[in-house]
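An overview of the molecular structure
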Amino acid sequence: MSDPVPSSIEWGTLTTRRLGQLMTAIEEQRPEAADVVAALQRQTWPGLTVGVTGPPGSGKSTLISALVRELRRRRERVGVVAVDPSSDRTGGAFLGDRLRMMEHATDADVLVRSIATRGHGGGVAPAVSDLARLLRAAGYAWVLIETVGAGQVETDVVARADVTLLVQAPGLGDEIQALKKGILEVADLVVVNKSDQPGAVELRRQLETWAASPERVLATCATSGEGIAELLQAIDARRPERASETSRLRARREEVRGLALAILRDRLDASLRDADVTRGTTWEAAERLVASLRFEP
Ligand SMILES: Nc1nc2c(ncn2[C@@H]2O[C@H](COP(=O)(O)OP(=O)(O)OP(=O)(O)O)[C@@H](O)[C@H]2O)c(=O)[nH]1
Ligand SMILES: [Mg+2]
């Protein structure tokens with residue numbers, strides 16, 4: 001980040017370039033980003049953060065692109081954060097996402113950002129919540145976050161968004177069998193995408209019986225736009241519930257938990273490098289390792 005951070009930031013007038021610099025500083029957890037983060041966390045910003053998770057190839061990026069199209073029709077400004085599962089930024093997934101977002105590339109009111117998960121144990125990058133705050137502060141009232149659902153990541157994104165979508169699609173093999181039971185309960189809406197494909201009706205029916213309430217299951221065809229307006233309406237309907245004090249406190253607690261885990265993981269990995277793992281049983285080595293962690297800040 002080239003420029004110093006002024007004591008009071010005019011969030012609404014940040015240039016795209018400046019916004020990009022701030023995002024990089026936040027993502028890389030640079031020391032100079034601390035003031036920005038503190039300022040961002042001092043208030044609740046208008047807008048809604050939507051988490052989109054689901055197995056690879058279920059159509060998350062296409063769905064997000066369709067949602068962006070619908071939101072733009074409503075003159076909303078949209079920020080998209082794609083969490084890149086590969087640490088290599090030039091990886092296929094990243095490029096693919098970018099290509100799918102191309103139709104919005106020249107739209108100044110759509111900001112697309114890809115971030116790497118890097119060393120965060122496959123979880124959502126810790127900075128994702130602050131990036132969403134920054135985008136909302138800058139006037140992107142809708143922030144859509146894409147993460148590939150694999151185990152922990154799914155529940156991680158739930159904690160960081162106001163509303164979460166779990167995307168499923170027919171013809172992906174037996175991902176559905178591997179569906180963690182928990183995610184169906186914590187995701188606000190379950191989207192059966194590729195409704196134009198064989199097996200979609202059956203998949204929807206199955207998910208409806210599994211989900212706590214069948215009306216939380218919606219069908220979309222992201223490529224044609226069918227069901228997208230209805231999905232947006234359903235997302236909007238969750239808004240009041242998520243604005244409650246209890247809900248905010250729970251989200252905050254989950255965010256702190258995620259950050260604490262990231263810190264612990266880093267310290268653990270650092271200590272593990274020098275640890276004697278050969279003495280005693282593996283259990284004893286693990287106990288010693290935990291005991292050796294520094295807990296002062
Ligand atoms: N037939 C059909 N194909 C779709 C639909 N939505 C997405 N696709 C296709 O499915 C493929 C995967 O879509 P993506 O949007 O890249 O899926 P993704 O979930 O973002 O994939 P990853 O980011 O790799 O996890 C692409 O070829 C899309 O064109 C749909 O509603 N119907
Ligand atoms: Mg994608």
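So, here is what we can say about the structure in this document. Nothing here was measured: the structure is a model prediction, and the numbers come from that model.

1. Concerning the overall build of the protein
Helices and strands together make up the secondary structure of the protein, namely 13 helices and seven strands. For the protein, the proportion of its 297 residues judged to be buried stands at 46%. When contacts within the protein are restricted to residue pairs at least 6 apart in sequence, long-range pairs at least 24 apart make up 77% of them. For the protein, the exposed area adds up to about 15,300 Å²; of that, 54% sits on carbon and sulfur atoms.

2. Notes on the pattern of salt bridges
Inspection of every chain in the model, using the stated rule, returns 15 salt bridges. Where glutamate 70 meets arginine 73, a salt bridge forms, and the shortest distance between an N and an O atom there is 2.7 Å. With glutamate 70 and arginine 73 both in helix H3 (residues 60-73) and three residues apart, the pair spans about one turn of that helix. The buried category is assigned to glutamate 70, whose relative accessible area is 13%. A salt bridge links glutamate 241 to arginine 238; its shortest N-O distance comes to 3.7 Å. By relative accessible area, which is 44% here, glutamate 241 ends up partly exposed.

3. Structural notes on H3
What sets the pattern is the α-helix's 3.6 residues per turn: residues three or four places apart point alike. Helix length check: H3, at 14 residues, gives a terminal C-alpha distance of 20 Å against a target of 20 Å (1.5 Å per residue), a fit within 8%. Counting buried positions along H3 gives eleven out of 14 residues, so the element sits mostly inside the fold. Along H3, the residues classified as buried are Lys60, Ser61, Leu63, Ile64, Ser65, Ala66, Leu67, Val68, Glu70, Leu71 and Arg72. Looking one or two residues past H3, arginine 75 carries a phi angle of roughly 65°, positive in sign.

4. Some points on unusual backbone geometry
Not every positive phi belongs to a glycine, and arginine 75 is a case in point at roughly 65°. Of note, arginine 75 is situated in the loop between H3 and strand E2 (78-84). Non-glycine residue lysine 194 carries a positive phi angle of around 60°. Checked against the element boundaries, lysine 194 lands in the loop between strand E6 (189-192) and helix H9 (200-210). Residue lysine 194 is classed as partly exposed on the basis of its relative accessible area of 26%.

5. Focus on the pairing of strand E5 (residues 163-168)
Counting buried residues along E5, six of its six residues qualify, which places the element largely inside the surrounding structure. The pairing of E5 with E6 spans four bridges and is classified as parallel. The partner of valine 167 across the bridge, within E6, is valine 191.

Criteria and cut-off values
- Residues numbered from 1 in each chain as written.
- Chains lettered and ligands numbered in written order.
- Predicted model: local features only at pLDDT ≥ 70, side-chain atom pairs only at ≥ 80, totals over all residues.
- Heavy atoms only, no water.
- Helix = DSSP H or I, 4+ residues; strand = E, 2+ residues; numbered from the N terminus.
- Buried < 20%, exposed > 50% of the residue type's maximum accessible area, 1.4 Å probe, protein only.
- Contact = heavy atoms within 4.5 Å.
- Areas by Shrake-Rupley, 256 points an atom, 1.4 Å probe, with all protein chains shown as cover.
- Salt bridge = Lys/Arg side-chain N within 4 Å of Asp/Glu carboxyl O.
- Expected span 1.5 Å × (residues − 1).
- Pairing = 2+ DSSP bridges.

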